[in-house]
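Commentary on secondary and tertiary structure
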Amino acid sequence: MNHFALTIVGRDRAGIVSQVTKILFDLGCNIADSSCSILGGQFAMILILGHPEITDRDSFGDAFKPLEDSDLSVALRVLKPGGQIRTNIFGDICMISVYGSDKPGIVYRVAQALGEKNINITDLNTKLVGSDERPVYVMVIEAVLPENVEEEDVNGWLTPIRNDLQVDITVRTIPTVEL
Amino acid sequence: MAVRPILLYPDPILKQVAAQVESVDELTIAVIQDLLDTMLESGHSVGVAAPQIGELIRVVVVDVSKSKLGKDNNHGLLEMVNPEIIEKSGSKMMREGCMSVPDYTGNVTRAEQIVVEFTDRAGQLRVIEASGFESVAIQHELDHLDGMLFLDRVSSLKTDLYRRKSK
């Protein structure tokens, strides 16, 4: 099985998922992993595809042309062998909520602080909410804490950002339980 | 008395609603014993529901007293026949894994405190108030009696992970 990463972005409307997945189904592609969501007024799809025979970009031919003709942007990345396999990241899972008056640097400063401590971000979503006069920026991060890093440590490392940017930050680990 | 294999999804039994137990007879006691043996054998498990060993009756065993998260707040070993949650409050998120759905964990929000009514091994009606990890464990096992898996309660697959640590 050969693997590809396909991204599709375009103005949101009903029918995008069915249009895209019909093409993939007809091609004989497996959707191994995917995440699709509305971002702003755009619908964004990211899919990891598998195909038993197709090995390169050219073999897809003009299969995606109907999508481009309907004003969707399409990008295909050919994955190296093994590029579809998620490496197991061990450690406690930690949710970090950050919110406050909108200002530049909220995402960067938090990501920088986590990156410096080798904390792996596994999911990150941001949204601008509130009114036009008082925009509020909200970010929710899921991260995996390396060994010997506790919730309180992360809390402490983020305190300078709380003060500098006047944002509220809460950190909570989610215990993993086998039931 | 026997350790029984844990059924794995997609075994259809896991998606069926288990039957009410009419009376705690020898057969029920035998299932309770098998659940206990199976729970102990699996080592890390804090609970097993009868459908997980292929018995479609409303019986579960739960014991969080040996686990790190539950050792300070528990009722010890609970053998529950026809358990029913009669009150729920608060909410608590944990990342749950299940022996019947190996290799996958997902974030599930459940009630932080519950009041459960059940019949015990001796046929006595009991009511207990559980909270924290014990509450989550009971709710997880009771879901099995209604053919519900934690997958039915996960809100986002985006943030899933594989097995947390190799045992």
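Keep in mind that this is a model prediction, so the values were computed, not measured.

All names here are of chain A. Axis separation between helix H3 (residues 106–116) and helix H4 (residues 151–165) bottoms out at 10 Å; the angle between their running directions is 155°. In terms of their interaxial angle, H3 and H4 are classed as roughly antiparallel. For H3 against H4, the interelement crossing comes out right-handed. Together, Ile106, Arg109, Val110, Ala113 and Leu114 of H3 and Val154, Leu158, Pro160, Ile161, Asp164 and Leu165 of H4 make up the contact between the two elements. Grouping the constituent residues of the contact of H3 with H4 by class yields nine nonpolar, no polar and two charged.

A separate point is the domain arrangement of chain A. Assigned domains of chain A: these are domain 1 (2–78) and domain 2 (93–174). On a C-alpha basis, the centroid separation for the pair domain 1 of chain A and domain 2 of chain A is 31 Å.

Glancing now at the pattern of salt bridges. Residue and element names in this part refer to chain A. The tally for this structure, following the rule as stated, stands at 13 salt bridges over all chains. Of the charged contacts in the structure, one is a salt bridge between Asp26 and Lys22, with a shortest N-O distance of 2.6 Å. Taken as a pair, Asp26 and Lys22 lie in helix H1 (residues 16–27) at a separation of four residues, close to a single helical turn. Neither Asp26 nor Lys22 differs from the other in exposure class; each is exposed. The salt bridge involving Asp164 is made with Arg109; its shortest N-O contact spans 3.1 Å. Taken together, the positions of Asp164 in helix H4 and Arg109 in helix H3 put the pair 55 residues apart, joining distant regions of the chain. By relative accessible area, which is 24% here, Arg109 ends up partly exposed.

Looking now at the packing of aromatic side chains. Residue and element names in this part refer to chain A. Per the counting criterion, the structure on display carries three aromatic pairs over all chains. When the ring of Phe4 is compared with that of Phe60, the centres are 4.9 Å apart and the planes differ by 90°; the resulting orientation is edge-to-face. Linking Phe4 in strand E1 (residues 2–11) with Phe60 in the loop between strand E3 (42–51) and helix H2 (65–69), this pair joins segments that are 56 residues apart in sequence. Judged by its relative accessible area of 0%, Phe4 is buried. A residue is classified by how much of its surface remains accessible, and Phe60, at 4% relative accessible area, is buried. Through successive ring pairs, a cluster of aromatic residues spans Phe4, Phe60 and Phe64.

What counts as what
Residues numbered from 1 in each chain as written. Chains lettered and ligands numbered in written order. Predicted model: local features only at pLDDT ≥ 70, side-chain atom pairs only at ≥ 80, totals over all residues. Heavy atoms only, no water. Axes fitted to C-alpha atoms, helices over the stretch in contact; angles between N-to-C directions. Helix = DSSP H or I, 4+ residues; strand = E, 2+ residues; numbered from the N terminus. Parallel < 35°, antiparallel > 145°, perpendicular 65-115°, else oblique. Left-handed = near helix turned anticlockwise from the far one by under 90°. Contact = heavy atoms within 4.5 Å. Nonpolar A, V, L, I, M, F, W, Y, C, P; charged D, E, K, R; others polar. Domains from an automatic or database assignment. Salt bridge = Lys/Arg side-chain N within 4 Å of Asp/Glu carboxyl O. Buried < 20%, exposed > 50% of the residue type's maximum accessible area, 1.4 Å probe, protein only. Phe/Tyr/Trp six-rings, centres within 6.5 Å; stacked < 30°, edge-to-face > 60°.

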